[in-house]
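Examining the three-dimensional arrangement
Now for the letters of each chain:
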Amino acid sequence: MEIHNSPDSAEAAAHVPDAHEDHAHPTWSTYWKVALILTAITVGEVWAYYIPSFVASRAFVPALLIMSAFKFVIVVMFYMHLKYDHKLFRALFTGPLLIAGTTLIALLFLFGHLTVFQH
Amino acid sequence: MSATVTHHYTSTGLDNRKIAIWAFIGSECMLFISLISTYLIYKGRSVVGPLPHEKWTDPSTGHTFAPILNIPVTSMSTFVLLMSSLFMVLALAAVQNKGRPLPANAGWWTRKLASSQLWLFMTALAGATFLGFQAYEFTSFVNEGLTIKTNLFGSSFFTLTGFHGAHVTAGVLWLLALLSIDARRGLGPSDALNVDICALYWHFVDVVWIAIFTLVYLIR
Amino acid sequence: MASTAIATPLAPTAYSGEQSGVWSWLTTVDHKRIGTLYLFTALFFFMWGGVEALIIRAQLGAPNQHLVSAEFYNQLFTMHGTTMIFLAIMPLSAAFFNYLIPLQIGARDVAFPRLNAFSYWVYLFGGIFITVPILFAVAPDGGWFGYAPLTTRAYSPGINIDFWVIGLQILGVSSLAAAFNFLTTIINLRAPGMSLMRMPMFTWMSFVVQFLLVLAFPVITIALVFLLFDRFFGTNFYNTVDAGADPLLWQHLFWIFGHPEVYILILPAFGLVSEVIPANSKKPLFGYPVMVYSGILIAVLGFGVWAHHMFAVGMGPIADTFFSLATMLIGIPTGVKIFNWIATMAQGHVRLNTPMLFAIALVALFTIGGISGVMHSSPPADLQQTDTYFIVAHFHYVLFGGSIMGIFAGIYHYFPKMTGRMLDEKLGKIHFWLYFVGMNITFFPMHFAGMLGMPRRIYTYDAGQGWESYNFYSSIGSYIIGVATLVFAWNFLKSRRSGAIAGPNPWGAATLEWTIPSPPPDYNFAKIPTVTSRYPLWEGKEADLESARFNAQEGKTAADFGIVMPYNTIKPMIVAFGLVLMFCGLLTSRVIIFLGAGIMIVSLFTWLLSPLEPEHH
């Protein structure tokens, strides 16, 4: 399998148009692995959905939230190449995402859906 | 990306369009969080069925509705959308590397990987397939007796997933526009930024679905 | 602290080849011309909303009056609020965003000039769409906050609320498109050396406001989509009777938008007075970094205080405590700003010209409004004050005493830059004093009327409740404001033609926009300036002064310097027209929806496929 984008491949480096392109790029093997992980987690999530004892347990919701959050993060980091890109983009995305997440939690609390915090 | 000829000086060295699309994505976070919040606020508060995860018997007719969400079908469509993101990164890589000579011993797969048209087409096709699944889901729900007017679940479910579907539709049109340009004159490294912007939008629509799939379909 | 020595010309220079005529205004993509369009349109709507206020005050001037019906009164107060917020104050701020941001950061235009034109046309068409119904007495009548379920089809069956839902949706498109544009402009088009911490304070506050717009408007968009779907497609989001919907859903979504909106309205005015006060005190702004940080802090905290608009609904002690504390907290950065302006003026060479008077009025009057705001951040106090005229007094001190006073400070300060001529100082002072006196006579008595229990939004009241005299004063005051606005309009129109010639820097101010001719040439800067200081004209090094001298050249065209200018184009206006037509179709027929969408998509494609400017190498 050819590695097309690898920054450490001499062949690729020779073709980089100017020195501007200094940040590392994800490679084909990264893309492939991310897709594999995404598929595996999705299978795991759906599997969990069909285990009644797990669904009934307290771990079900946190486990699903963690799994989907992980999928969310790896798509953003590798496919949206935020891991490799200018830090400005990270700020433009995470700032609003934090405000959005806080708003969601606050709303769920205000509408009585987060019983953990109430007695 | 640096191959894009920018006529004007910019303070960060970045292209205006890429900053704008990230700001747009930040804004979209608030849009979808409003929809998701509403769905979750109204979860379990519908006064009549059909319901997403529970059976419901209509007291006036005695008819029992099964839980309406079809997890196997939606798992398939989720998988298709996730794979479309893989196709999208391959399309972008192919555009960025266009014009680079392939090694003499390049095999079939290597040559296929370099085809931006193939991967743009595959991405659009996967997006369209996802929309097909959604159309199937919506019609079967309506046939089973759940419309946007039926109950709080129907209103918030169709609006949330419908908004997401509208975003996918816009993305498919965008991909087809890029594909037609690629077919007409070929997309090269100088167009990579345009493809990158579309890709960022496309992946964002994908991550929104990752959240929706868990919060709406899997968590009961 | 000397300004650059540039001889004042006899008349504002005309540039050869400069376009004129209606067509050039319809097709312009120049941020200055779009800013001018915003300014004129928003001033028109400001006066329109003012007339609505005057009718309201005429009705309330004495007990048991029946100048207008209760139904029409509902339309008047709804449209007064909607007009002033969405069609006057926000676009007046947008006029300054357009005109000033590129000039202050040393750019030739905004990042996306055609998108900028699109924003204006959507605003204009949306403004007309939402304003025209009142001429036929079918205007929106659910308050500017449009509380659902009151605004659902069950309780508001008429077409009135449809105009409001669709109109606000249209205006949201305009605000969002503009916000992405200015955000990118400020991040990416700063001249070399113009680091974030050297940006003029107006640009900083505008930067903060763009973030608020980008994050707050999607929420009202969704709240309006729900209402639109409820009204047109029979969904249940606000259907509390049959479907078990929660009556607080709208309120929460609306105020998650609505409270940041308050800062969207006030921060640009804060930015403007932060330009006016240093220029007229001959002193750099006191505590510049703290001003920046407090602006950012106001914005961030602004997303965590929305439910203080809802104490009366009974959210429970945890929520009440949290939102009460957060609200009190937000008073701190705001207070810091007040002290910084005062400290800027302290020991400065204060020049009490018209812009400075308006700026000082903001500092004083906003403080009053801020303090009454902190009063109802306490839930027990709020329960007494909510829905009374005390609240009306509070937010008019903040919005009239704050935003409007700040915006007029900006208009008097920047009119010379925009037109090359000074506004008449004598008329300006008359305008100011009539505003200052009239505004206090109008709004101060409302505190008392509110404390005596006079509820908001009632169309008339009985005698003998102790409200008569306060209402009478308020009505007198409002007509003083009306007269003062006419004085301003006369001054504005007269001075455009025959005001004293301003020259590039009539105030001896320090920032980049004062280094170029007045009015600025279409390319703004003959050479992109180099910046080494926060105040290039006061404390700049040789590089700043060299740029300033070069850019002060009068009467040269873009071609003289080999500057490539974008093409004029009508396409953004046609896309805006298609968009608004599509929304109009919701009220008429499906054919119109498809026609509008078709126009929009086709013209959008031709827009995207046509180049912004001639190729150059």
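Residues numbered from 1 in each chain as written. Chains lettered and ligands numbered in written order. Predicted model: local features only at pLDDT ≥ 70, side-chain atom pairs only at ≥ 80, totals over all residues. Heavy atoms only, no water.

Another aspect to go through is the interface of chain A and chain B. Counting from both sides, the interface comprises 53 residues of chain A and, opposite them, 56 residues of chain B. Taken together, the two surfaces of chain A and chain B that pack against each other cover about 4,900 Å², and 75% of this comes from carbon and sulfur. The salt bridge partner of Asp85 of chain A is Lys18 of chain B, with a shortest N-O separation of 2.8 Å. On inspection of chain A and its partner chain B, the count reaches seven residue pairs in polar contact (both at pLDDT 80 or more). Listing elements by their share of the side of chain A that touches chain B, those giving two or more residues are helix 1 (10–15), helix 2 (28–49), helix 4 (60–79) and helix 5 (87–110) of chain A. Across the side of chain A that touches chain B, the residue classes break down as 34 nonpolar, 12 polar and seven charged. (Contact = heavy atoms within 4.5 Å. Buried area = accessible area lost by both parts, 1.4 Å probe. Salt bridge = Lys/Arg side-chain N within 4 Å of Asp/Glu carboxyl O. Polar contact = N/O pair within 3.5 Å; in protein donor to acceptor, adjacent residues only side chain to side chain. Helix = DSSP H or I, 4+ residues; strand = E, 2+ residues; numbered from the N terminus. Nonpolar A, V, L, I, M, F, W, Y, C, P; charged D, E, K, R; others polar.)

Bringing the packing of aromatic side chains into the picture now. Residues and elements named next belong to chain C. Counting across every chain of the model gives 87 aromatic pairs over all chains. Sitting above the plane of the Phe232 ring, Arg153 keeps its charged end 5.4 Å from the centroid. The ring of Phe550 carries the charged tip of Lys527 above its face, separated from the ring centre by 6.0 Å. (Phe/Tyr/Trp six-rings, centres within 6.5 Å; stacked < 30°, edge-to-face > 60°. Lys NZ or Arg CZ within 6 Å of the ring centre and 35° of its normal.)

So, on to the packing of helix 4 (residues 113–131) of chain C against helix 5 (residues 160–188) of chain C. All names here are of chain C. Relative to each other, helix 4 and helix 5 sit at 165 degrees, their axes nearing to 9 Å. In terms of axis orientation, helix 4 runs roughly antiparallel to helix 5. Here the hand of the crossing between helix 4 and helix 5 comes out left-handed. Grouping the amino acids of the contact of helix 4 with helix 5 by side-chain chemistry returns 16 nonpolar, seven polar and no charged. (Axes fitted to C-alpha atoms, helices over the stretch in contact; angles between N-to-C directions. Parallel < 35°, antiparallel > 145°, perpendicular 65-115°, else oblique. Left-handed = near helix turned anticlockwise from the far one by under 90°.)

For helix 4 (residues 116–144) of chain B, spanning 29 residues, the distance from its first C-alpha to its last is 42 Å, which sits close to the expected 42 Å at 1.5 Å a residue. Phi turns positive one or two residues past the end of helix 4 of chain B, at Gly145 of chain B, with a value near 110 degrees. (Expected span 1.5 Å × (residues − 1).)

The biggest cluster of nonpolar side chains holds 308 residues, and the ones touching the most others in it are Trp22 of chain B together with Tyr238, Leu267, Trp341 and Tyr435 of chain C. Tallying contributions element by element places helix 6 (residues 201–233) of chain C first for this core, with 23 residues. Filtering out sequence-adjacent residues up to four positions away, Trp22 of chain B remains in contact with Met80, Leu82, Phe89, Leu92 and Phe93 of chain A together with Leu200 of chain B. (Core = buried A, V, L, I, M, F, W, Y, C linked by side-chain atoms within 4.5 Å. Buried < 20%, exposed > 50% of the residue type's maximum accessible area, 1.4 Å probe, protein only.)

What follows concerns unusual backbone geometry. Between Gly49 of chain B and Pro50 of chain B the backbone carries a cis peptide bond, its omega angle lying at -5 degrees. Considering the arrangement of structural elements, one finds Pro50 of chain B in the loop between helix 1 (16–41) and strand 1 (56–57). The backbone of Asp387 of chain C shows a phi angle near 60 degrees, a positive value even though the residue is not glycine. Inspection of the secondary structure puts Asp387 of chain C in the loop between helix 11 (379–385) and helix 12 (389–419). By relative accessible area, which is 38% here, Asp387 of chain C ends up partly exposed.

The subject of this paragraph is the packing of helix 12 of chain C against helix 14 (residues 468–498) of chain C. Residues and elements named next belong to chain C. One can describe the packing of helix 12 onto helix 14 by two numbers: an axis separation of 11 Å at closest approach and a directional angle of 15 degrees. In terms of orientation, helix 12 and helix 14 fall into the roughly parallel class. Taken as a pair, helix 12 and helix 14 cross one another with a handedness that is left-handed. Between helix 12 and helix 14, the contacting residues are Phe400, Phe408, Ile411, Tyr412, Phe415 and Thr419 on the first element and Ile481, Phe488, Asn491, Phe492, Ser495 and Arg496 on the second.

Any region with low pLDDT has predicted coordinates that should not be read closely. In this model, chain B carries an average pLDDT of 92, and 96% of its residues clear a pLDDT of 70 or more. Low pLDDT, under 50, characterises residues 1–6 of chain B; the predicted model gives this stretch 16 contacts beyond four residues in sequence or across chains. (pLDDT = per-residue confidence, 0-100.)

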